[in-house]
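Chain by chain, the residues run as shown.
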Amino acid sequence: MRIRHASSDDQGFVVAGAERLGAFGPPAWRPAEEIVSGEVRTLRSFFESPAAGAALLIAESEAGDRLGFAYLERLQDYFTLEPHAHVGILVVTEQAQGKGVGSALMRAAENWARELGHRRLTLTVFETNRAARAVYEHLGFAPETVRYVKML
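Residues numbered from 1 in each chain as written. Predicted model: local features only at pLDDT ≥ 70, side-chain atom pairs only at ≥ 80, totals over all residues. Heavy atoms only, no water.

Draft legend 1. View of the packing of aromatic side chains. Tallied over the entire structure, the rule returns five aromatic pairs. Here the aromatic rings of phenylalanine 46 and tyrosine 71 are separated by 6.0 Å at their centres, their planes lie at 80 degrees, and the arrangement is edge-to-face. Of this pair, phenylalanine 46 sits in helix 2 (residues 32-48) while tyrosine 71 sits in strand 3 (residues 66-76); the two residues are 25 residues apart in sequence, bridging distant segments of the chain. Through a chain of ring-to-ring contacts, the aromatic side chains of Phe46, Phe47 and Tyr71 assemble into a single cluster. (Phe/Tyr/Trp six-rings, centres within 6.5 Å; stacked < 30°, edge-to-face > 60°. Helix = DSSP H or I, 4+ residues; strand = E, 2+ residues; numbered from the N terminus.)

Below you can see the structure in the form of structure tokens.
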């Protein structure tokens, strides 16, 4: 497997991949269509006019089959205002799930963050997405804050 930066030819793959994101445990008040729509908007925006400091990494097999992707961005820490790297979207194809693709993309994200001089890499995951949380914790991530929501 290799990890590379996305090209314009990858847009269809990543937009289609975003369709999977609504299936991973959003809370009842957050419809899957809303999740997918927001992620697709972010990915299309990357191809049209990428934000400063953003990157999109593609994992592919030795045969050239695309296996997944990670959308990376630069954010600012709320408390210190220090810039840091953030994994905004991580998708692995259904066929590649459980084969180390997500871990490889996360290692590549860490390398990307280090190359930019960031001391921190963050991500957000739905509380109910226990499988993803277990993977992230296995990779050394730890919860920092918990966001509560009350629908009005």
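There is more to say, and it comes next.
Draft legend 2. Region of interest: the nonpolar core. Among the nonpolar cores identified, the biggest contains 22 residues, and Leu72, Val87, Leu90, Val101 and Leu105 are the most heavily contacted of them. Counting only elements with at least two residues in this core, the list comes to strand 2 (55-60), strand 3, strand 4 (83-92), helix 3 (101-115) and helix 4 (130-138). Residue contributions to this core peak at seven residues, all from helix 3. Excluding anything up to four places from it in sequence, leucine 72 contacts Gly53, Ala54, Ala55, Leu57, His86, Val87, Ala109 and Trp112. With 17 residues, the next largest nonpolar core counts Val14, Val36, Phe47 and Leu56 among its residues. (Core = buried A, V, L, I, M, F, W, Y, C linked by side-chain atoms within 4.5 Å. Buried < 20%, exposed > 50% of the residue type's maximum accessible area, 1.4 Å probe, protein only. Contact = heavy atoms within 4.5 Å.)

Draft legend 3. Looking closely at helix 2. Taking 1.5 Å as the rise per residue, helix 2 with 17 residues should run 24 Å; its terminal C-alpha atoms sit 24 Å apart, in good agreement. As for helix 2, its buried residues are in contact with helix 1 (11-17), strand 2, strand 3 and strand 4. (Expected span 1.5 Å × (residues − 1).)

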